[in-house]
Every structure is written in structure tokens, then in C-alpha cells.
Amino acid sequence: MNMDTKLLNLDDESLICQVQEGSHEAFATLVDRHSNRFYRMAYRLVSSKDDAEDIVQEAFLKLWDRPNLWKPGKGGKFTTWFYRVVINLCFDHRKKKKLINLPEDIEFSDENSGPDVLYDVHQKQALLERFIHELPERQQLAVNLCFYEGLSNNEAAQIIGVKVKALQSLVMRAKTTLKYNVKQYLGGGSR
Amino acid sequence: MTMNFEQFKEKLLMYGADVRCWPKDIRSSALKTLESSPELQKLVEDEKRFEGVLNTRKYEEPSRDLAGRIVAAALPKKKKAQRNFGVFFSDVLSEFSLSRRAFAAVSVSLIFTLIIGFTIGYSNLSGYTSAEQYETHLEDFLNYEGDVL
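These figures come from a predicted structure and were not determined experimentally.

This paragraph deals with the overall build of chain B. Counting its secondary structure elements, chain B contains 7 helices and 0 strands. Along the chain direction, N to C, the helices and strands of chain B fall in the order α-α-α-α-α-α-α. In chain B, which comprises 149 residues, the share counted as buried stands at 10%. Across chain B, every contact between residues at least 6 apart in sequence was considered, and the portion connecting residues at least 24 apart equals 50%.

Moving on, we come to the packing of helix H7 (residues 137-148) of chain A against helix H8 (residues 153-160) of chain A. Residue and element names in this part refer to chain A. Closest axis-to-axis distance for the H7/H8 pair is 10 Å, and the angle between their directions is 145°. The hand of the H7/H8 crossing is right-handed. On H8, the residues that touch Arg138, Leu141, Ala142, Leu145 and Cys146 of H7 are Asn153, Ala156, Ile159 and Ile160. Per-class residue counts for the contact of H7 with H8 are 7 nonpolar, 1 polar and 1 charged.

What follows deals with the packing of helix H5 (residues 78-97) of chain A against H8 of chain A. All names here are of chain A. Two numbers describe how H5 lies on H8: the axes approach to 9 Å, and their chain directions differ by 45°. For the element pair H5 / H8, the angle class is oblique. The way H5 lies across H8 gives a crossing that is right-handed. Two secondary-structure elements touch here, H5 through Thr80, Tyr83 and Arg84 and H8 through Glu155, Gln158 and Ile159.

What follows is about the environment of tyrosine 185 of chain A. Residue position: tyrosine 185 of chain A is located in helix H9 (residues 164-186). By the C-beta count within 10 Å, which is 23 here, tyrosine 185 of chain A ends up buried.

Here the focus is helix H3 (residues 24-46) of chain A. All names here are of chain A. Here H3 contains 23 residues, and its C-alpha end-to-end distance of 29 Å is more than 12% below the 33 Å for a straight helix at 1.5 Å per residue. Where H3 bends most, at histidine 34, the angle is about 50°. Two residues or fewer after H3 comes serine 47, characterised by a positive phi angle close to 55°.

The next point concerns the confidence of the model for chain B. When pLDDT is averaged along chain B, the result is 78, and 65% of the positions lie at 70 or above. Of the two predicted TM-score estimates for the complex, the pTM is 0.70 and the ipTM is 0.82.

Attention now moves to helix H3 (residues 38-54) of chain B. Residue and element names in this part refer to chain B. Relative to the 24 Å expected for 17 residues at 1.5 Å per residue, H3 spans 24 Å between its end C-alpha atoms, a close match to the ideal helical length. Within H3, burial applies to Glu47, Phe50 and Leu54. In an axial view of H3, the angular spread of the buried residues amounts to 60°, which keeps them on one side of the axis. Exposed side of H3, more than 90 degrees from the buried face: Pro38, Gln41, Lys42 and Gly52 are the residues found there.

The rules behind these values
- Residues numbered from 1 in each chain as written.
- Chains lettered and ligands numbered in written order.
- Predicted model: local features only at pLDDT ≥ 70, side-chain atom pairs only at ≥ 80, totals over all residues.
- Helix = DSSP H or I, 4+ residues; strand = E, 2+ residues; numbered from the N terminus.
- Buried ≥ 20, exposed ≤ 12 C-beta atoms within 10 Å, placed from the backbone.
- Contact = placed C-beta atoms within 7 Å.
- Axes fitted to C-alpha atoms, helices over the stretch in contact; angles between N-to-C directions.
- Left-handed = near helix turned anticlockwise from the far one by under 90°.
- Nonpolar A, V, L, I, M, F, W, Y, C, P; charged D, E, K, R; others polar.
- Parallel < 35°, antiparallel > 145°, perpendicular 65-115°, else oblique.
- Expected span 1.5 Å × (residues − 1).
- Bend = angle between axes of the 7 residues up to and from the residue.
- pLDDT = per-residue confidence, 0-100.
- Arc of directions from axis to C-beta.

Here's what the structure looks like:
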């Protein structure tokens, strides 16, 4: 069994221990394994391919520069911790940028016109993005982690730093608001 | 045990429209409740449509070389870091496969050797003879007119 195969068989926590000892190969294995997953999360939060890639790169380079920031003794999984790193970078990025490229120019239909108003696909996507970005931060995270990333309630709760019950409440509130907006402006689902 | 309408509605928001994917402990009771209620079946259909809309959310795939780019960006950082004295020593350590304890022992013995060396060196300062004094002694020696053996 060669070195690369050995590394591929190691779990994240063992790999990060090797990164702490300076192993570039272990670092490369971690990046290969997880860069797409963290990119997806970053993209959901910053709505830009380039920015999301930069954020994921910055997060991994931080890990490479200061691998001891990960404390195995604290229990949690590497991915849970690293999601938090990426999410914090995304929120910092959003604060710096002040606004995400939301479609400010899109006119909302008259509320009375109901869901029959037709938007093209692009406009629908832009509106949906806007509805999600207008949710409170923790509700956004809950929807992104549970619905789009398909994480378990338990893992999502750990990432956000709340109890499972609180996470479920965040998901429910977020979906209720989204459902209302979607029904109102895009037509679909019920309240 | 079956669940009531409100409980089902709550779980529907929490776990989504695919009841077969709900947690095991509530799945069978949820399916029973759903079977017997056309109203809930309509709610589930609505939820499916809503999730369909959520799934139309825009997403762009990352560049194919994202991982490679990150890995490559980490390499120059490592080279730069090697100029650092501490990193250099840790690399030496890994090169010779010394354990941390062995490395500490070697370091301590080196430091002690240095301290002992300095101590000996400074203690000789009291017996130090300047070049001037040395010259005087040499002159005395040359002008010595005593018995020659």
C-alpha cells in the first residue's frame, strides 16, 4: 500500500493530525476530499463563484498556516469545525461587501396579482436568492445546511452552535417565510 | 401510535416532503396518518412543489482545478516558512525521525554545553593577561641579567 492510498484511507481527524506535523500530502488529501463541499456552502452564502472559491482557498490556507487551530480534544468532527471557519469567512466577506449581488432592479408584482405572474427562470432564481438572503443569518444557515447540504439536524445544530430543538425551530421559521414569499411571488407550495 | 394534523404539519416543515426519509421513530406513524388523511396528502403535494421551487436555486459548479489551486498555493507558503528558525528545526526533527522527547533532550544538553562553555570562558577573565603586561614581562625577561643556567 503506497503513501497516497494510506492517506486516502485515513479519516479527517487523522489527516489533520498529520497536517499539524507538516504533511503537505495529508493537506492535499483533505483539500481533495472536501473543497467542493465547502465551496457549495460558501457559494450558497456569497452567491458568487469567484468569491466562494477565494473563501474556500483562504480557509484551507489558514488551516495550512495554523493547523493547530484545530483542537482534536474538543471532540467535534473536523468538518463541523471547518464549516464554521468557512461560514465565518463568508459572513466577514458579506460585511465587507455590504451587499450580495441581489437583484435590486427586480420589480415585485402587485400582491393582488397572485402567483400567476410569470417571471423568466433567471428572475425567479434571483428572487429566490433574494428571499433566502433576506432571512436572518441563522435561519439562512439552517436552510442551507439542512435543505441544500442535506446535513443531519444534529450536525447542523453543532455547526450553528444551537440545540437541535432550536435548529428545528430555525428551519421551520425559515421555510414558513420562504413558503409565503414563494407562493406570493413565484407561485408554488402553500402556506 | 398516530400523530395529529398539527404534529404532522410541523414535522413536514422540519423533515421535508419525503415522509419515507423522516426519522425512523416517527416514520411509520407518519405514514399511517398520511394514508388516512386526504388533507395531509394535499399538504405533502404542496410541500413537494415548494421544495421543487427551492431546488431551482441557482448554483455554479466550482472550477475543476479548485483543489489543485489550493494545494499549489500552500506550497510556496511552506517554502517561505522554512526560512523560519523554528520551522527549520522542526523539519530537521522530522528528517531524523527524533521523538519530541529525544529532541528536547538533545536541545537541553546543547544548551548546557553552551552554558558550561561560557562559564569557563568568563571565569578565566580574572587570570587574563593583557598584551601590555605581556610585553613588560617579556622585556623583564630579555633584560634579566641574573645567572644563566
